[in-house]
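Residues per chain are reported as follows:
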Amino acid sequence: MSIICKINGNDTEIQGASDRRVVDVLREDLGLTGTKEGCGAGECGACTILVDGEPRLSCLMMAVQLQDKAVTTIEGIGESEALHPVQEAFVEHGAVQCGFCTPGMVLSAVNLLSLHPEPDRNRIRRALSGNLCRCTGYVKIVDAVEAAARAMAEGSKP
Amino acid sequence: MKQVLLPRSMNDLWAMMHDLPDAAVYAGGTDLLVKMRSGLIPPKDLICLERIQALKGVMVHGDRMVILAGTPLSHLLREPAITRHLPVLAKAITCLGSPLIRNMGTIGGNVCTASPAGDTLAPLYALDARVELASETSVRSLPISRFILGPGQTLLETGEILSAIHVEKPHPEAIQHFEKVGRRNALACSLASMAAILRLSDGGIVMAASLAWGSVGPTVITCLEAADWLIGQPLSMDRLTQAAAIVQKAVCPITDIRATADYRRAVAGNLLLRICEQKMGNP
Amino acid sequence: MTHDIPAVGCPFPRFDARSKVSGAEKYATDEYAPDMLWAGARRAGLAHGRILAVHTNDAESVPGVFRVLTRKDVPGTNRQGIVHKDQPVLAGQKIRHCGEPVALVLAENREALKLALSRIRLDVEPLPGVFDPETALNPGAPMVHAAGNTLLSAVIQKGDAAKAFSDCDVILEDCFEVPFQEHAFLETENGFAQQKPDGSLVMTVSTQAPFRDRMEIGHALGLDFSSIRVISPYLGGGFGGKDGATVQCLLALAAMNANGRPVKMWWDREESFIAGYKRHAARLYYKLGAGADGTLKSLECRLYYDTGAYAHLGGEVLELGMEHAGGPYRIPHVSIQGWCVYTNNPVSGAMRGFGVSQVAFAIEQMMNRLAEKLCMDPLELRLKNALRRGDRNSSGVTLMHSTGIVSCLKTIERHPLWRNRADWKARAGRFKRRGVGVCAVFNAMGYGRGLPDSAIAKVELTQEGRIRVYCGVSDMGQGNASAFVQIAGDMLCQDTGHLELILPDTDRTHPSGSSSAGRTTYTYGNALVRSCLQLKEKLIHRASLVLFLDEPVGLVLLPGRVRHLPSGREVSFSTLAAMLPESDRTAIDQHVMTVASDGNLNASGFILGFPHVLFSYAAHLAGIEIDELTGGVSVRFYLAVTDAGRIINPQGVEQQVQGGVAQGLGYALCEDILLRDGKILNPSLTDYIVPTALDVPDVASLTVETVESTGPFGMKGMGEVGMNGPLPVVAGAVLDAVGVWVKRSPVTAERILEALGLNTGAGRKL
């Protein structure tokens, strides 16, 4: 079967089984390995993608659910020359250690800031509560999202 | 390879259900797909409800509210009608899973999965919710307490979907309280939960009480005896403590890898005491 | 993008952060090839048994299955292991734990793989299993291995502990239990391998020890280790769980049977639980004696570590636990006995805090109890007994290196969170009880005596005019690779635009030991410092020739060039590189970590590792709130004060502290591998509870900067010590809050509520 969607702004046609998981379509068929898999059961958030701007677990989505949707993966955040303020803040504030949770965290954070441009630390934690991290203890991730929020509000660097 | 179908309308849905009578129906997939992956449910054709707009939204008609079953949980949190009129349900939704799961999972799915630990269930029982079940040719409704028979078992028949949930708005001044106990603060399976809707007179006498507990029985437990104990009396710590003891005898929790029955029983009662914080405030 | 010149001692954003944050960085999981096969192991599913037959016919006939291998297809010894090689690649005769691999399937896709694995049938004669380390030592207990259930038993003695008790005013005895802990890295065990036409293997693996992996694979499969190339990209977490072969031997075996096709093996989360390594569960018996003024006098311990079915690093874990059993305190008389015991539980191995997290709980609880008994402030008691430079520790080792525990404790003593604790506790809300705990912890660095802790660093001026560091040790997220770039950049005055890094690759970088034991920045860093000095001198000398100078004087390195300061003339790195053959553009040097010189130590039974001589220290402070209705424990504030010598990257140290504390809080409050007859009941992230962003508070991190003169720039490794603090500090805070005496972890709401419910007085036990 054939599925038409937009991935990171690009019109994309996906062939193959409708019961393929979206995380596999992204990683294996499209070579977008920035989306990770940590559990396959929706418990860790490493597979987070944005579907029409909303964070979802790609390990629990079937390929057919991509039909007519606009998907953003981590590869679609930021430009080759300039990172998104959230990404920049993650770099500057030490929010990246092993980095495996990072794509999911960034996407959840980008979505949060689009809905709540001035979140307090508790709101940030709630927004990221579905993205597990085993390395950082979350503190610097929260710091980074706070800094990104400030930077985006001011139009400055985080 | 199994088929996964994406109906765009109710008519699409009925036709697909007709063509694939053994297909499993899902909306978010956060329960079904996890169970299929672990082998608890064998591989099946699937029908996904997520594109059917007719199954999404919240409608208010006077005192009645209709929550369409295919509404993702996070969308319900953005509905002013839910947060304003049904804070007991809104609170439960904020405790459910994670933001990602709430973007995908629906209230209809949570009800049909009928886990004893389903987070929306105790509030829906406390609200005396009715479930609307639709098939191609008919619509019927049942109290939720009759719809859910036991863990994972409902009265949903082949060819039917859960289309909506109907509730009456509680009195605007009613206390609506919900608490969930889990092993962590997100992505947690409820060990015990309590939903409470209480109406107090100006003098502080309890005029009505609707109480429901989750995760302490095969289905939600409503313990009318405890509610009756509170009605007609001022809401005091003593009264709540006595009611708690009644609740602890009424619940029938199990011991599993997450908690013992004793713990669940103790907590189910204790959660009642938290209500006095609502009335008396937190120092 | 601006390129800065890194400065040691200043925060340096991770060199790898940009590529990770954009999803561009490739982990081992991200390797795919169009003609690749998937490999997977059939796990036994029962804890103890004799294999009668493995039936693979039904699996072989599944469409898409390429091959099914069993024990008979394994060449070589069929034994993997790090020190002690006792673990079959594919079990042929005996099953010793539920995760025992009995067959290996290669298939065209994962669906065929899963189906084939489910169609493999085992005929097994079940054997009674043993699941407790003390029970396993009883005569008549089921034998896990023919040679007996003791992997290692050892003793450390100092003075005369038994006699010294008669001189004590207070003697306390107790027993503590801690469960298995799961690493739960987000990137599970995985690798990608291909056999070349010449028979050699190329493997990309998520591994903490690529060089040792070759030896392990070679020994297990009868291969010459030099014919195995292992590439180690950034790991998506390791924490010790990827130290030692996980997928490696199975994957190599698969590649050897794939007709030259590439093979991928990626354990799903359940398999990672069932087959991956764990922190040792332990039972710890303590007897502590002190004077009325709180001076510690005597300690007797019996420590039982459950190493599961195979050795992995069990003996070394026990060793380190025994060395730390007395805490960072001065105790003149000790008798520490330890047993590392085989059971039919899952395999225990290395995990951050390596044997120390267990005993830290025990000794710190004994200290809390002692403080309570003597009506002494718990911080004051610790300060009184804390080790100082020049003291002998419990093993008898003289501490001549940096020893900052007193400074750590004093920092806490001065801190407003400690000073205002009474006030803070009094403000607890309805149904809440607050408590404050303090603890002192430490953790040795390096392999210890008997196994040279060494690294070989290589730096190179590339033809493009950049400085390339050939990193010999894996980076599992701790940021050592970035620290190396920082060191090279500072020493050679190069900005990040002129710095490059090659991650470990056994073909290109040099053996530098495992990424473990808090050793990598120290040992590889020391080697790197030497090679940078060498390279700098060489470049200056060669530049002086190019610039026609009479002597190599007055020359400095700047980003991408060399400048002669007196004349202002410069030669670019790329010009210089063009004039030099490759062998003249590189510098290679090594470092071996210093070991303890103390002789006459009274210890027996250890194979290697005893004793250690370099330690990081920390004192932690936490305020908790207990909910009386649910028993739930919430950590309201947390402060860690760490002695890590001089700090190379302050941001890096904070990262390690916060991350270690988060994992430690998991160990303290919610992580528990639940077992019944050796079978894990919660092999998923649904029921193995790891803290989320809503469960870990803001963790404040302060450091006391001692100077570790043997370390690069005065630093020492500190990646593990943060892990050891949370369980003791939470236990101490619980005692303070509700008088409940915690003897086992995790400290769950259920256990607290039960203890509160039984309250008839002070000091109810959990």
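Thresholds, definitions, all that
Residues numbered from 1 in each chain as written. Chains lettered and ligands numbered in written order. Predicted model: local features only at pLDDT ≥ 70, side-chain atom pairs only at ≥ 80, totals over all residues. Pairing = 2+ DSSP bridges. Helix = DSSP H or I, 4+ residues; strand = E, 2+ residues; numbered from the N terminus. Axes fitted to C-alpha atoms, helices over the stretch in contact; angles between N-to-C directions. Contact = placed C-beta atoms within 7 Å. Buried ≥ 20, exposed ≤ 12 C-beta atoms within 10 Å, placed from the backbone. Core = buried A, V, L, I, M, F, W, Y, C linked by C-beta atoms within 7 Å. Parallel < 35°, antiparallel > 145°, perpendicular 65-115°, else oblique. Left-handed = near helix turned anticlockwise from the far one by under 90°. Nonpolar A, V, L, I, M, F, W, Y, C, P; charged D, E, K, R; others polar. Domains from an automatic or database assignment.

Undergrad: Give me the sheet that holds strand 10 (residues 170-178) of chain C: which residues, what numbers.
TA: All names here are of chain C. Read from one edge to the other, the open sheet built from 6 strands follows the order 10-17-18-19-9-28, with strand pairing classed as mixed. On the outer flanks of this sheet lie strand 10 and strand 28 (602-604), each paired with one strand and no other. The average undirected angle you get between the axes of adjacent strands in this sheet is 5°. Relative to strand 19 (residues 333-342), strand 18 (residues 296-308) runs parallel, the two being bridged by 10 bridges. When the sheet's bridge partners are listed, Y305 is paired in strand 19 with C340. Those strands touched by helix 9 (residues 314-323) are strand 9 (150-158), strand 18 and strand 19, and its axis lies near 20° from that of strand 9. In the packing of helix 10 (residues 356-373) onto the sheet, the strands contacted are strand 10, strand 17 (281-290) and strand 18, and the crossing angle to strand 10 comes to about 145°.

Undergrad: Please provide a residue-by-residue account of the pairing of strand 15 (residues 263-266) of chain C, values included.
TA: All names here are of chain C. Going residue by residue along strand 15, you find V263 and M265 tucked away on one face and K264 and W266 tucked away on the opposite face as well. Sheet analysis places strand 1 (residues 37-43) next to strand 15, joined by 2 bridges and oriented parallel. What sits directly across from L37, in strand 15, is V263. Strand direction decides the pairing type here: strand 12 (residues 190-195) and strand 15, joined by 4 bridges, are antiparallel. In the sheet register, F192 faces strand 15, and the bridge partner there is K264.

Undergrad: Quick one: what's the story with unusual backbone geometry, residue by residue and with numbers?
TA: Residue and element names in this part refer to chain C. Note the cis peptide between F610 and P611, where omega equals -10°. With respect to the secondary-structure elements, P611 resides in the loop between strand 28 and strand 29 (615-627). Cis geometry is adopted by the peptide bond preceding P746, which originates at S745 and carries an omega value of -5°. With respect to the secondary-structure elements, P746 resides in the loop between strand 34 (740-741) and helix 21 (749-757). With a phi close to 60°, N78 is a non-glycine residue in the positive phi region. Mapped onto the secondary structure, N78 falls in the loop between strand 3 (65-69) and strand 4 (79-80). Exposure remark for N78: the 22 C-beta atoms within 10 Å place this residue in the buried category. Positive phi values are uncommon outside glycine, yet N259 reaches one of about 55°. Inspection of the secondary structure assignment puts N259 in the loop between helix 7 (248-256) and strand 15.

Undergrad: Residue-level account of the sheet that holds strand 25 (residues 561-564) of chain C, with values.
TA: The pairing of strands in a sheet happens through backbone hydrogen bonds and is either parallel or antiparallel. All names here are of chain C. Across the sheet, which stays open at both edges, the 3 strands sit in the order 24-25-26 with antiparallel pairing between neighbours. Both outer strands of the open sheet, strand 24 (555-558) and strand 26 (570-572), are each paired with one neighbouring strand and no more. Going across the sheet, the axis of each strand differs from the next one's by a mean of 20°, ignoring polarity. Note: strand 24 against strand 25, 4 bridges, orientation antiparallel. Following the sheet pairing, L557 is matched in strand 25 by V562.

Undergrad: Break down helix 7 of chain C for me, with residues and values.
TA: Buried residues dominate helix 7 of chain C, accounting for 9 of its 9 residues. Restricting attention to buried positions, one finds in helix 7 of chain C the residues C:Q248, C:C249, C:L250, C:L251, C:A252, C:L253, C:A254, C:A255 and C:M256.

Undergrad: So what's going on with the nonpolar core? Which residues, and what values?
TA: The biggest cluster of nonpolar side chains holds 398 residues, and the ones touching the most others in it are B:W213, C:V105, C:A488 and C:V730. Per-element tally for this core: the top contributor is helix 10 of chain C, with 10 residues. Not counting chain neighbours up to four residues away, the residues in contact with B:W213 comprise B:A122, B:A192, B:S193, B:M194, B:V220, B:I221, B:C223, B:V247, B:V251 and B:A268. Of all hydrophobic cores here, the second largest spans 5 residues; its members include B:A117, B:A186, B:A188 and B:C189.

Undergrad: So, the packing of helix 11 (residues 237-250) of chain B against helix 12 (residues 261-273) of chain B: which residues are in play, and what are the values?
TA: Residue and element names in this part refer to chain B. Across the interface, helix 11 lies against helix 12 with an axial gap of 8 Å and an inter-helix angle of 155°. One element, helix 11, and the other, helix 12, form an angle in the roughly antiparallel class. For the pair helix 11 and helix 12, the sense of crossing is right-handed. Residues M237, L240, T241, A243, A244, A245, V247 and Q248 of helix 11 pack against R265, A266, A268, G269, N270, L272 and L273 of helix 12.

Undergrad: Before we move on, could you go through the environment of B:G232 and cite the residues and values that matter?
TA: Residue and element names in this part refer to chain B. By the element assignment, G232 lies in the loop between helix 10 (224-230) and helix 11. Along the primary structure G232 and T83 are separated by 149 residues, whereas in three dimensions their C-alpha atoms are 29 Å apart. Those residues in contact with G232 that sit more than four places away from it in its chain are I205 and V206.

Undergrad: Got a sec to walk through the interface of chain C and chain A? Specific residues and values, please.
TA: On the chain A side, the residues contacting the 45 residues of chain C number 41 residues. Those elements that place two or more of their residues in the side of chain C that touches chain A are helix 1 (17-21) and helix 18 (650-669) of chain C. Ranked by residue count, the leading element in the side of chain C that touches chain A is helix 18 of chain C, at 8 residues. Across the side of chain C that touches chain A, the residue classes break down as 19 nonpolar, 14 polar and 12 charged.

Undergrad: Lay out the pairing of strand 12 (residues 192-200) of chain B in plain terms, naming residues and giving numbers.
TA: Residues and elements named next belong to chain B. With 7 of its 9 residues buried, strand 12 lies for the most part within the structure. Sheet topology places strand 11 (residues 175-181) next to strand 12; 7 bridges connect them, and they run antiparallel. Counterpart to Q176 in the pairing with strand 12 is I197. Note that strand 12 and strand 13 (residues 206-214) share 8 bridges and pair antiparallel. Its bridge partner lying in strand 13, M194 is registered against W213. Hairpin connection from strand 12 to strand 13: 5 residues lie between these consecutive antiparallel strands, with G204 at a positive phi of about 90°.

Undergrad: Explain the environment of C:G276 to me, using residue names and the numbers behind them.
TA: Residues and elements named next belong to chain C. Among the structural elements, G276 can be located in the loop between helix 8 (269-275) and strand 16 (278-279). As for G276 and G99, which are separated by 177 residues in sequence, their C-alpha atoms are 8.1 Å apart. Those residues in contact with G276 that lie beyond four places of it in its chain are E189, G241 and T246.

Undergrad: An account of the domain arrangement of chain B is requested, with residue identities and associated values reported.
TA: Residue and element names in this part refer to chain B. Domain assignment breaks chain B into domain 1 (4-168) and domain 2 (175-280). When each unit is reduced to the centre of its C-alpha atoms, the spacing between domain 1 and domain 2 is 25 Å. Across the boundary between the two partners, domain 1 contributes 20 residues, which contact 24 residues of domain 2. Mapped by element, the contributors of at least two residues to the side of domain 1 that touches domain 2 are helix 5 (87-95), helix 8 (121-126) and strand 8 (148-150). Among the residues making up the side of domain 1 that touches domain 2, the classes are represented as 14 nonpolar, 4 polar and 2 charged.

Undergrad: Describe the domain arrangement of chain C, naming the residues involved and giving the relevant values.
TA: All names here are of chain C. As far as domains go, chain C holds domain 1 (17-26 + 454-592), domain 2 (33-127 + 189-266) and domain 3 (278-448 + 599-765). For domain 1 and domain 3, the distance between their C-alpha centroids amounts to 38 Å. Across the boundary between the two partners, domain 1 contributes 14 residues, which contact 19 residues of domain 3. Within the residue set of the side of domain 1 that touches domain 3, elements represented by two or more residues are helix 15 (480-492) and helix 16 (520-546).

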